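A closer look at the structure
If you want the building blocks of each chain, they are given just below.
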Amino acid sequence: MKQYMQQAIQLAQSASSTGINPRVGAVVVKDGRVVGFGAHLKAGEAHAEVHAIRMAGAAAYGATIYVTLEPCSHHGKTPPCADLLVESGIKRAVIAMEDPNPLVSGRGIARLKAAGIDVEVGLLESEARALNTAFLRSLETKRPYVILKTATSLDGKVALDNGDSKWVTGTAARRDVHELRATVDAVLTGVGTVLADDPGLTVRLDRETTQPLRIVLDRDLRTPLSSQLVRTANDTPVLLYTTSDDQAKREAMATYGVEIADYTSLGAVLQDVYARGIGRLLVEAGPTLVTSILDGQFVDEWVMYQSPRVFGGKGGFYRSPQDGPLETIERFDVRSVETFGTDIKLIMRKEESNVHGNR
């Protein structure tokens with residue numbers, strides 16, 4: 001049994017971006033043979049169970065389905081998967097974990113049992129939970145799973161005091177940033193970064209990928225119409241949050257394809273983009289926005305690229321004074337360490353004891 005659930009988990013891992021939806025894999029087994037499989041690959045499209053049952057066809061009758069998450073029982077953008085399993089004649093369902101979404105939680109399992117389907121829950125549950133760290137976190141916070149990316153010198157600087165920041169890290173590390181962008185739904189930056197670096201914030205890899213939404217926080221609407229972000233907005237969407245009432249500039253932005261939204265607070269922005277279907281949000285920004293993100297305790301995961309050089313000076317990425325005491329300062333757990341050329345990549349996540357205290 002375990003091998004089939006492992007296959008379902010591997011299928012779920014193949015999903016690139018499911019927005020606010022979880023990554024799910026499913027495998028249908030009949031007489032010791034896999035007759036259907038599938039994964040939920042993109043938000044709004046068919047769920048894993050649908051792909052697996054369609055592939056199995058008539059062979060689904062009397063079969064066992066292995067699925068990494070409880071089948072949905074409500075009408076959303078797609079019909080309930082629990083109903084599909086009942087109609088297909090599935091005899092047994094092995095489910096890795098119950099869906100914590102209040103719209104589903106336990107209802108899908110109850111629907112299957114009411115139809116006479118034998119249900120087992122809990123096989124490889126920890127592995128299934130690890131698939132959906134972002135989904136589970138966002139359900140709790142009602143905002144995207146926020147990934148902060150920083151590139152610093154060994155002494156934590158993002159630039160020299162003269163402003164020179166190109167390039168802090170090497171080619172291999174910069175390419176890995178594009179791999180990271182390819183895993184998220186949106187990239188968030190501030191107007192300071194737009195003015196200083198004129199970034200494109202697109203994924204540039206030697207393979208076809210889905211481009212993330214580009215989001216800019218620009219209270220005074222200082223983003224130039226000549227910037228890369230504005231000039232390419234019709235090809236790759238840009239969402240800009242501002243407090244400016246400069247109607248002429250707003251209309252000019254709109255003609256380039258930039259969507260304008262009203263800025264009230266950083267927390268409100270995060271809630272709004274989550275409501276728009278953004279499940280994983282990458283923050284690539286300068287010290288002002290990075291400091292706000294950290295001070296708000298919005299960071300769920302931190303990807304830090306570090307060059308083995310010492311810059312000196314004052315160009316750090318975090319500008320907020322810390323008065324302590326030390327035990328009150330937010331901590332992150334180091335989850336992995338890699339090297340790219342001479343640079344180091346650390347992946348850190350919010351310490352578990354701090355998770356429930358997040359604002």
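Our subject is the structure listed above.
If you're wondering where the values come from, they're calculated on a predicted model, not measured in any experiment. (Residues numbered from 1 in each chain as written. Predicted model: local features only at pLDDT ≥ 70, side-chain atom pairs only at ≥ 80, totals over all residues. Heavy atoms only, no water.)

1. Some words on the pattern of salt bridges
Quick note on the threshold: Definition used for salt bridges: Asp or Glu carboxyl oxygen within 4 Å of a side-chain nitrogen of Lys or Arg. Strands here are runs of E lasting at least two residues and helices are runs of H or I lasting at least four, both read from the DSSP assignment and numbered beginning at the N terminus. The classification of residues rests on relative accessible area computed with a 1.4 Å probe and restricted to protein chains. Under 20% of the type maximum is buried, over 50% is exposed, and intermediate values are partly exposed.
This structure, assessed with the given rule, holds 19 salt bridges. Where glutamate 179 meets arginine 175, a salt bridge forms, and the shortest distance between an N and an O atom there is 2.8 Å. Of this pair, glutamate 179 and arginine 175 both sit in helix α7 (residues 171-181), 4 residues apart, which is roughly one turn of the helix. For the salt bridge of arginine 276 with glutamate 259, the shortest nitrogen-to-oxygen distance reads 2.9 Å. Here the residue arginine 276 occupies a position in the loop between α11 (266-275) and β11 (280-283), and glutamate 259 occupies one in strand β10 (residues 258-262), the gap between them amounting to 17 residues. Assessed through its relative accessible area of 37%, arginine 276 is described here as partly exposed. Through salt bridges that share partners, Arg137, Glu140, Arg143 and Asp300 make up one connected network.

2. Brief notes about the packing of helix α2 (residues 48-56) against helix α3 (residues 81-88)
Here is the rule we go by: For helices, the fitted axis covers only the stretch in contact; all axes are lines through C-alpha atoms, and the angles between them, taken along N-to-C directions, range from 0 to 180 degrees. What sets the label is the angle itself: under 35 degrees gives roughly parallel, over 145 gives roughly antiparallel, 65 to 115 gives roughly perpendicular, and the rest give oblique. In a left-handed crossing the near helix is turned counterclockwise from the far helix by less than a right angle, and in a right-handed crossing that turn is clockwise. Two residues qualify as a contact provided that any one of their heavy atoms is within 4.5 Å of a heavy atom in the partner residue. Amino acids are sorted into nonpolar (Ala, Val, Leu, Ile, Met, Phe, Trp, Tyr, Cys and Pro), charged (Asp, Glu, Lys and Arg) and polar (every other residue, Gly among them).
Contact geometry for α2 and α3: axes closest at 9 Å, N-to-C directions at 20°. Taken together, α2 and α3 sit at an angle that is classed as roughly parallel. With respect to the hand of their crossing, α2 and α3 are arranged in left-handed fashion. Contacts from Glu49, Val50 and Ile53 of α2 reach α3 at Cys81, Leu84, Leu85 and Ser88. Residues of the contact of α2 with α3, tallied by class, amount to 5 nonpolar, 1 polar and 1 charged.

3. Description of the packing of aromatic side chains
Where we set the bar: In this analysis, rings of Phe, Tyr and Trp, with Trp reduced to its six-membered ring, are considered paired at centre separations within 6.5 Å, and the interplanar angle assigns stacked below 30 degrees, edge-to-face beyond 60, and tilted for intermediate values.
For the structure shown, the criterion picks out 2 aromatic pairs. Considering the side-chain rings of tryptophan 302 and phenylalanine 332, the 5.4 Å spacing of their centres and the 85° angle between planes classify their relative orientation as edge-to-face. Taken together, the positions of tryptophan 302 in strand β12 (residues 301-306) and phenylalanine 332 in strand β13 (residues 332-340) put the pair 30 residues apart, joining distant regions of the chain. Comparing tryptophan 302 with phenylalanine 332 shows no difference in burial state: the two are buried.

4. Some thoughts on α7
Those residues of α7 lying buried are Ala173, Asp176, Val177, His178, Leu180 and Arg181. Buried residues along α7 sit in contact with β6 (145-152), β7 (186-190), β11, β12, β13 and β14 (343-350).

5. Some thoughts on the nonpolar core
Counted only if it meets this: To form a nonpolar core, buried Ala, Val, Leu, Ile, Met, Phe, Trp, Tyr and Cys residues must be joined to one another through side-chain atoms within 4.5 Å.
If you look at the biggest cluster of nonpolar residues, it comprises 37 residues, and the most contacted ones within it are Met5, Val28, Ile53, Ile65, Ile90, Ile95 and Leu112. Of all the secondary structure elements, the ones that give two or more residues to this core are α1 (2-13), β1 (25-30), α2, β3 (64-67), α3, β4 (92-95), α4 (107-114) and α5 (125-131). Among the elements that line this core, the one with the most residues is α1, at 5 residues. Once residues within four sequence positions are removed from consideration, isoleucine 65 is found in contact with Ala26, Val27, Val28, Glu49, Ile53, Leu85, Ile90, Arg92, Ala93 and Val94. Counting 29 residues, the second largest nonpolar core, distinct from the first, contains Tyr241, Leu289, Met304 and Leu346.

6. Observations concerning the layout of surface pockets
Here is the rule we go by: Grid points spaced at 1 Å over the protein atoms alone were grouped into cavities, where a 1.4 Å probe fits but cannot get out, and pockets, open sets with protein on both sides within 12 Å along at least five of seven lines, with lining residues defined by an atom within 4 Å of a point. Grid points are joined across faces, edges and corners, and a volume is the space filled by probe spheres set on the points.
Approximately 1,400 Å³ is the volume found for the largest pocket. Lining the largest pocket are 47 residues; nearest its centre among them are Thr193, Asp197, Glu284, Ala285 and Gly286. Elements with a minimum of two residues in the lining of the largest pocket: β6, α7, α8 (191-197) and α12 (287-295). Taken together, the residues that form the lining of the largest pocket break down as 20 nonpolar, 14 polar and 13 charged.

7. Thoughts on the side chain of threonine 193
Rules: Here a polar contact is taken to be a pair of N or O atoms separated by no more than 3.5 Å, where protein atoms must pair a possible hydrogen donor with a possible acceptor and residues adjacent in sequence count only if both atoms sit in side chains.
Mapped onto the elements of the fold, threonine 193 is located in helix α8. Only 3.0 Å separates the side chain of threonine 193 from the backbone nitrogen of glycine 286, close enough to count as a polar contact. Apart from the residues lying within four places of it in its own chain, the contact partners of threonine 193 are Asp198, Pro199, Ala285 and Gly286.

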